[in-house]
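Coordinate inspection notes
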Amino acid sequence: MSIRSQEQVALLTDFDPSSAYSNAYYTLYTNIRSSWEHGEQSEQSIESIHTAHTPAHTLLLATPAASAEYATAAANIAIVAAQSGTPTVLVDADPRSSSLQQRFGLNNNIGWSDLLNAQTITTKNIADALQTTFVPRLRLLGAGTTDVNTATLLSAKLGETITCLRAYLSETASSPSLVVFNSAPILAGPEAALIGAEVAQTLLTIVKGRT
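Keep in mind that this is a model prediction, so the values were computed, not measured. (Residues numbered from 1 in each chain as written. Predicted model: local features only at pLDDT ≥ 70, side-chain atom pairs only at ≥ 80, totals over all residues. Heavy atoms only, no water.)

What follows covers the sheet that holds strand β5 (residues 178-183). Strand order in this open sheet of six strands is β3-β4-β2-β5-β1-β6, and the pairing throughout is mixed. Two strands bound the open sheet, and with one partner strand each, they are β3 (131-132) and β6 (201-204). Here strand β2 (residues 88-93) runs beside β5; their pairing, made up of six bridges, is parallel. Paired with Leu-90 across the strands is Val-180, a residue of β5. (Pairing = 2+ DSSP bridges. Helix = DSSP H or I, 4+ residues; strand = E, 2+ residues; numbered from the N terminus.)

Here it is in structure tokens:
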């Protein structure tokens, strides 16, 4: 495990698993999983005819305005999913205010913005960009190193990128998997709306006393 910095506060791994803080996230993930399985039951039945694996569920956490607690919520849902046995990828889709790599003690690496900027996106690109975290079954796709207009690239490459990410997980995971997106705030630009139109499920995150 990497040495964690002060920026990594409030991750679920820092708390007693039986604490109220932890239980709240486990309850939330249980509700997400229940609606996920109910909503995709017919889709999975159809796709099982064509593939031996269940496609990954995609989830966006959106927030009206910038807040440090927002990225923490996305990270903790991903941690709970992984700890519950679900192969999970956490995507930092907010290059302008990336923080998830620091929270997990990882170095800057090829990530989200680099994939969007690539001429072609393949499952090998996805595999090279994913980083292993200190939580078993949880990998991180960081914000990336490319300084580009992500809104413009999202319009052109988002669907292809998510399709390729799901294909990679379908090929490599032996059980239903989850992709959690942490995007830029809704009021900061069109990114959240564009991602929300492509994923299977969107949750609006609000902060008590601030939103």
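Attention shifts here to the side chain of Gln-131. If you trace the backbone, Gln-131 turns up in strand β3. Accessibility expressed as a relative area gives 11% for Gln-131, which makes it buried. Within the structure, Gln-131 has its side chain in polar contact with the side chain of Gln-101 (distance 2.7 Å). (Buried < 20%, exposed > 50% of the residue type's maximum accessible area, 1.4 Å probe, protein only. Polar contact = N/O pair within 3.5 Å; in protein donor to acceptor, adjacent residues only side chain to side chain.)

Looking now at the packing of aromatic side chains. Under the definition given, this model contains three aromatic pairs. An angle of 40° between the planes, with centres 5.6 Å apart, marks the rings of Phe-104 and Phe-134 as tilted. Taken as a pair, Phe-104 in the loop between α4 (100-103) and α5 (112-117) and Phe-134 in the loop between β3 and β4 (138-141) lie far apart in primary sequence, 30 residues in all. Using a relative accessible area of 1% as the deciding quantity, one classes Phe-104 as buried. For Phe-134, a relative accessible area of 18% puts it in the buried group. Summarising the aromatic geometry, the rings of Trp-112 and Phe-181 are spaced 5.7 Å apart at their centres and angled 70° between planes, so their arrangement reads as edge-to-face. Here Trp-112, found in helix α5, pairs with Phe-181, found in strand β5; they are 69 residues apart in sequence, far enough to count as distant. We note that Trp-112, like Phe-181, is buried. Above the ring of Trp-36, the side-chain terminus of Arg-33 is found at 4.3 Å from the ring centroid. (Phe/Tyr/Trp six-rings, centres within 6.5 Å; stacked < 30°, edge-to-face > 60°. Lys NZ or Arg CZ within 6 Å of the ring centre and 35° of its normal.)

Looking at the secondary structure, you find Asp-92 in strand β2. The spacing of Asp-92 and Leu-140 is 48 residues in sequence and 7.7 Å in space, taken between C-alpha atoms. Contact partners of Asp-92, with chain neighbours within four places excluded, come to Ser-98, Ser-99, Leu-100, Trp-112, Leu-141, Gly-142, Ala-143 and Asn-182. Here the side chain of Asp-92 touches Asn-182 through a polar contact of 3.4 Å, side chain to side chain. (Contact = heavy atoms within 4.5 Å.)

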